[in-house]
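Fold and contact review
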Amino acid sequence: MIDPATSALSSWRARYWDRPLDRATCTAMAAKYAALAALEAMPSGPAQDAALRAAAERWPGCLRESQLAGPARCQIRHEQASAGQDAAERPRARWREAGAAPVVLWADLHPLLSDLLAWRRATAGKGGPAGLLAFVKGTPAADRWPADPALLIRVGGPQARVRMAYAWLAAQANLGLSALNLELFGREGPWDARAGDPPPVP
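These lines cover the structure that appears in this document, whether it is placed above or below. Predicted model, so just to flag it, every value in this text is computed and none were measured.

As a further point, take the overall build of the chain. Helix and strand content of the chain: 10 helices and two strands. In the chain, the succession of helices and strands from N to C terminus is α-β-α-α-α-β-α-α-α-α-α-α. Against the globule reference of 17 Å for 202 residues, the chain gives a C-alpha radius of gyration of 17 Å, in line with a compact fold. Here the C-alpha coordinates of the chain stretch approximately 55 × 40 × 35 Å along the principal axes. For the chain, buried positions account for 41% of its 202 residues. Residue pairs in contact within the chain that sit at least 24 positions apart in sequence constitute 69% of those at least 6 positions apart. For the chain, the computed accessible surface area is about 10000 Å², with 58% contributed by carbon and sulfur atoms.

The following block contains the structure:
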């Protein structure tokens, strides 16, 4: 017998790669990669520090992406996102087939990380995964998260930490955390598997 959490996750997985990536999201992602390239060219100092803070606030996780994936990969992703601004909208699966899965995955990870950070600022992280889901309930962010805390705990563990956003995205995309991180960063590293990561949900 399939338990409710597994059934709910199957429903998320069935939709994930079929959903189109809209042009507005492509525009936002192209802007991100342009901003990262501009940051690379800026001299160290207060202006760069302010620009770094602004980028991290708008696209949480982008500085880590820039550091680990590197300028060359980010330039390719910029070209892919830019091409999507004027092209016909296509399912995420088509982006993946074209080698542009990182653009899609980052487009979905940034909002998840933003939700977590907003919840932490508002509540000091009280209530764990259930508190996070209660915080987003009734807002557009609720569409990004499962309704059942049990599913989120099963996928991401009992602590609502940044890692949970990665784990929830990986589960939706039917990827292991290591496979997700390889897509996001273009290389393997100590971030792939950590103590405390729950086992993958089949």
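Following the structure, the description resumes.
Here we take up the packing of aromatic side chains. Evaluated as defined, the whole model comprises three aromatic pairs. Between the aromatic rings of Trp106 and Phe185, the centroid separation amounts to 5.8 Å while the plane-to-plane angle is 70 degrees, which identifies the pairing as edge-to-face. On the criterion of sequence distance, the pair formed by Trp106 in helix H6 (residues 101–123) and Phe185 in helix H10 (residues 177–185) is long-range, its members being 79 residues apart. Directly above the ring of Trp95 sits Arg90, whose terminal nitrogen or CZ lies 4.2 Å from the centroid. Sitting above the plane of the Tyr16 ring, Arg92 keeps its charged end 5.8 Å from the centroid.

In the contact formed by helix H4 (residues 62–86) and H10, the axes pass within 8 Å of each other and the chain directions differ by 60 degrees. By the angle between their axes, H4 is oblique relative to H10. Contacts between H4 and H10 involve Arg64, Glu65, Leu68, Ala69, Arg73 and Arg77 from the former and Glu183, Leu184 and Phe185 from the latter. Of the residues in the contact of H4 with H10, the class split is four nonpolar, no polar and five charged.

If you look at the biggest cluster of nonpolar residues, it comprises 54 residues, and the most contacted ones within it are Leu105, Trp145, Tyr166, Trp168 and Leu180. If you list the elements that add at least two residues to this core, you get helix H1 (4–16), helix H2 (23–41), H4, H6, helix H7 (128–136), helix H8 (149–156), helix H9 (162–172) and H10. Beyond its immediate stretch of four places on either side in the chain, Trp145 contacts Trp12, Leu112, Asp115, Leu116, Leu132, Leu133, Val136, Leu152, Ala165 and Trp168.

Topologically, Leu177 is positioned in helix H10. Classification of Leu177 by relative accessible area gives buried; the value is 17%.

This part covers the pattern of salt bridges. Counting across every chain of the model gives six salt bridges. Note that Glu89 is salt-bridged to Arg23, the shortest N-O span being 4.0 Å. A residue pair is termed long-range when its members are at least 10 positions apart, and Glu89 in the loop between H4 and strand E2 (90–91) and Arg23 in helix H2 qualify at 66 residues. Overall, the relative accessible area of 41% leaves Glu89 in the partly exposed class. Linking Asp115 and Arg144 is a salt bridge whose minimum nitrogen-to-oxygen distance equals 2.8 Å. Placement of the pair is Asp115 in helix H6 and Arg144 in the loop between H7 and H8, with a sequence separation of 29 residues.

Conventions used here
Residues numbered from 1 in each chain as written. Predicted model: local features only at pLDDT ≥ 70, side-chain atom pairs only at ≥ 80, totals over all residues. Heavy atoms only, no water. Helix = DSSP H or I, 4+ residues; strand = E, 2+ residues; numbered from the N terminus. Rg over C-alpha atoms; globule rule 2.2 N^0.38 Å. Buried < 20%, exposed > 50% of the residue type's maximum accessible area, 1.4 Å probe, protein only. Contact = heavy atoms within 4.5 Å. Areas by Shrake-Rupley, 256 points an atom, 1.4 Å probe, with all protein chains shown as cover. Phe/Tyr/Trp six-rings, centres within 6.5 Å; stacked < 30°, edge-to-face > 60°. Lys NZ or Arg CZ within 6 Å of the ring centre and 35° of its normal. Axes fitted to C-alpha atoms, helices over the stretch in contact; angles between N-to-C directions. Parallel < 35°, antiparallel > 145°, perpendicular 65-115°, else oblique. Nonpolar A, V, L, I, M, F, W, Y, C, P; charged D, E, K, R; others polar. Core = buried A, V, L, I, M, F, W, Y, C linked by side-chain atoms within 4.5 Å. Salt bridge = Lys/Arg side-chain N within 4 Å of Asp/Glu carboxyl O.

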